[in-house]
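Residue strings, one per chain:
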Amino acid sequence: QVQLVESGGGSVQAGGSLRLSCAASGYTRSTYCMGWFRQAPGKGREGVAAVYTGVGGSTYYSDSVKGRFTISRDNAKNTVYLQMNSLEPEDTAMYYCAVDQTCYSFLSRPSRIDYWGQGTQVTVSS
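Residues numbered from 1 in each chain as written. Predicted model: local features only at pLDDT ≥ 70, side-chain atom pairs only at ≥ 80, totals over all residues. Heavy atoms only, no water.

(A) Quick peek at the overall build of the protein. A tally of helices and strands in the protein yields 0 helices and 11 strands. Each helix (α) and strand (β) of the protein, taken in turn from the N terminus, gives the series β-β-β-β-β-β-β-β-β-β-β. The C-alpha radius of gyration of the protein comes to 13 Å, within 12% of the 14 Å expected for a compact globule of 126 residues. Seen through its C-alpha atoms, the protein measures out along the principal axes to roughly 40 × 25 × 25 Å. In the protein, which comprises 126 residues, the share counted as buried stands at 44%. Look at the contacts in the protein between residues 6 or more apart in sequence, and 56% of them connect residues 24 or more apart. Within the protein, the 9 negative side-chain charges are centred at a point lying 4 Å from the centre of the 11 positive side-chain charges. (Helix = DSSP H or I, 4+ residues; strand = E, 2+ residues; numbered from the N terminus. Rg over C-alpha atoms; globule rule 2.2 N^0.38 Å. Buried < 20%, exposed > 50% of the residue type's maximum accessible area, 1.4 Å probe, protein only. Contact = heavy atoms within 4.5 Å. Lys, Arg positive; Asp, Glu negative; His and termini not counted. Charge placed at Lys NZ, Arg CZ, Asp CG, Glu CD.)

(B) Seen up close, the packing of aromatic side chains. A full pass over the atoms with the stated rule returns 5 aromatic pairs. Here the aromatic rings of Y27 and Y115 are separated by 5.6 Å at their centres, their planes lie at 80 degrees, and the arrangement is edge-to-face. A residue pair is termed long-range when its members are at least 10 positions apart, and Y27 in the loop between β3 (18-25) and β4 (33-39) and Y115 in strand β10 (residues 115-116) qualify at 88 residues. Owing to a relative accessible area of 17%, Y27 belongs among the buried residues under this scheme. Seen from their ring centres, Y96 and W116 are 6.4 Å apart, and the 85 degrees between their planes marks the pair as edge-to-face. A residue pair is termed long-range when its members are at least 10 positions apart, and Y96 in strand β9 (residues 93-100) and W116 in strand β10 qualify at 20 residues. Note on Y96: relative accessible area 14%, which makes it buried. Following the ring pairs from residue to residue traces out a cluster consisting of F37, Y96, F106 and W116. Over the aromatic face of Y96 sits the side chain of R45, whose NZ or CZ is 3.8 Å from the ring centroid. (Phe/Tyr/Trp six-rings, centres within 6.5 Å; stacked < 30°, edge-to-face > 60°. Lys NZ or Arg CZ within 6 Å of the ring centre and 35° of its normal.)

(C) Structural view of empty space enclosed by the protein. In this structure the tally under the stated criterion is 1 cavity of 30 Å³ or more. In this structure, the largest cavity occupies an estimated 40 Å³ of space. Around the largest cavity, the lining residues are Y32, M34, T53, R73, D74, N75, N78, T79 and V80. Those elements giving two or more residues to the lining of the largest cavity turn out to be β7 (69-74) and β8 (79-84). Residues belonging to the lining of the largest cavity are distributed by class as follows: 3 nonpolar, 4 polar and 2 charged. (1 Å grid on protein atoms, 1.4 Å probe; cavity = no way out; pocket = protein on both sides within 12 Å on 5 of 7 lines; lining within 4 Å. Points joined across faces, edges and corners; volume = space filled by probe spheres on them. Nonpolar A, V, L, I, M, F, W, Y, C, P; charged D, E, K, R; others polar.)

(D) Representation of the environment of V124. By secondary structure assignment, the location of V124 is in strand β11 (residues 120-125). Through-space distance from the C-alpha of V124 to that of Y27 is 32 Å; in sequence the pair is 97 residues apart. When near neighbours in sequence (up to four residues on either side) are disregarded, V124 contacts V12, Q13, A14, L87, E88, P89, D91 and T92.

And the structure:
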């Protein structure tokens, strides 16, 4: 049984920083794609960032967070991190960790992701 456990959400003022963590367990594949989506009230789920856990560790970002957010991985801990800097009120959302077999179009196919975490709330005030 695959479990994804997120932590690190909270409230911060605009311009501040937060770091999210997601620890995976029970996934049988040795290499996979792990990343983050977010969903604001009344909006669809949006891909934020993803990283490949295999050789090379390619990373992927949505245009809305590129240059402000950084995704990283610790394969020994099966954990991925999302460092979020220069946060804006528009970043307010529930952030979900996700795992899939491949990073191919990962950020653009939230309806076809294998596994999800329970979500962690990020609130940015102006």
